Amino acid sequence: MELTDEQRAVRDVVRKFAREEIRPTAREADETQEFPEEVWDGLAALDLTGLTVPAEYGGYDADPVTASVVNESVAYGSLAVATALSVHGLATSCIRTFGTEAQQERWLPEMAEGRPVGAFALSEPHAGSNPAEMSTVARREGDEYVIDGDKQWITNGRRAGVIILFAKTARDDPDTVTQFLVPADVDGLTVGEKEDKLGLRASDTTSLTFDDVHVPAENRLTEVGRGLSAAFEILTGGRIAIASQAVGLADHALEEAIAYSREREQFDGPIAEIQSVRHKIAEMATRVEAARRLTRHAARRRADGGGAMEASMAKYFASEAATDVTNQAVQVHGGYGYVTEFDVERLYRDAKITEIYEGTTEIQKTVIARHLLD
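For the structure given in this document, a descriptive report is provided here. (Residues numbered from 1 in each chain as written. Predicted model: local features only at pLDDT ≥ 70, side-chain atom pairs only at ≥ 80, totals over all residues. Heavy atoms only, no water.)

### Topic: the packing of helix α6 (residues 227–263) against helix α9 (residues 343–351)
Any two packed helices are characterised by how steeply their axes cross, that is the angle between the axes, and by the distance between the axes. One can describe the packing of α6 onto α9 by two numbers: an axis separation of 10 Å at closest approach and a directional angle of 155 degrees. Taken as axis vectors, α6 and α9 run roughly antiparallel relative to one another. Between α6 and α9 the crossing geometry is left-handed. Contacts from L249, H252, A253 and E256 in α6 reach D343, V344, R346, L347, D350 and A351 in α9. A class-by-class count of the residues in the contact of α6 with α9 yields 5 nonpolar, 1 polar and 4 charged. (Axes fitted to C-alpha atoms, helices over the stretch in contact; angles between N-to-C directions. Helix = DSSP H or I, 4+ residues; strand = E, 2+ residues; numbered from the N terminus. Parallel < 35°, antiparallel > 145°, perpendicular 65-115°, else oblique. Left-handed = near helix turned anticlockwise from the far one by under 90°. Contact = heavy atoms within 4.5 Å. Nonpolar A, V, L, I, M, F, W, Y, C, P; charged D, E, K, R; others polar.)

Following this line, the structure appears as structure tokens:
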């Protein structure tokens, strides 16, 4: 599980940025539900918005382990910011992996610099965990595709300048799901209101409605019918990113619990001297470290060309660890953990989403079982 010297240096730089630049904005961003664009510009200055972009297009071109370290370190500052970054990375990964040379030259250099922001439009109001049931359709008409349908739970929905869209070319045929590249300024695209969420409130999550949207046929990213397999391939990396973020979030909560337990005095001494609190901290630290190691293993398997099962294992375990660790951090803080003055309240609210997005815990278990039993 050891990191290289370069990976440790990247971790240290990004964690320093998370402490000094991201965390000071996190509470206000959560309260106002506004994304901190100055933080995004800082990530771009560190080349992190080009994390999955090839070097020839101005990107960082990070290996899977380094990408995992970056996602963990950004989430150590704010999960909302880390989520926006990882979805942008999903979009650049799709263009990198499936786009033509012309598409890559057109989009990747600018996206590596942070603008336009990318979005990933797979889920629908009635087709979340089973994307084969999607109803969005892209009909071929001459040299264009005409797109109609609705997408839901789209991170970067308002901020995005380019959308990776999944749609069927025949409404009733799940074998025709295809991947498209759609500029966000096309006529007929309506961005819905931001969802008012339990956590992750600084990350804009919206619906997207496509009503007679015309895009050139050259904006198709995959062959007809290759869209779902392409999505699953990209989501393997996405699940490692979410697992990494869950580790970073849990690590922040653990840090807050340790600091508070040393400062808070009860029964003539700091509560860090009380055995039940000490055991709680020990359990939290063990879960964080176990989640980190499982996630790093998945990233290494990904670097070797595999890792789908390990990615699901990491995502399942790390997300549940984050929910448990943040819950225990609130408990260590007692009543103070329940008020917004202390960061653990926000971390607790944010953690739950890691068990839901990019494949629920139940979906991860299904994937793991399929690899083991089928």
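### So, the environment of A318
With respect to the secondary-structure elements, A318 resides in helix α8 (residues 308–333). Exposure remark for A318: the relative accessible area of 1% places this residue in the buried category. Sequence-wise, A318 and R292 are 26 residues apart; in three dimensions their C-alpha atoms are separated by 7.5 Å. If we ignore the near neighbours within four places in the chain, the residues touching A318 are A243, A246, V247, A291 and T295. (Buried < 20%, exposed > 50% of the residue type's maximum accessible area, 1.4 Å probe, protein only.)

### Points about the pairing of strand β3 (residues 144–155)
With 5 bridges connecting them, strand β2 (residues 137–141) and β3 associate as antiparallel partners. Following the sheet pairing, A138 is matched in β3 by I147. Linking β2 back to β3 in an antiparallel pair, the connection comprises 2 residues, with G142 at a positive phi of about 65 degrees. Direction of pairing for β3 relative to strand β7 (residues 205–216): antiparallel, over a ladder of 9 bridges. (Pairing = 2+ DSSP bridges.)

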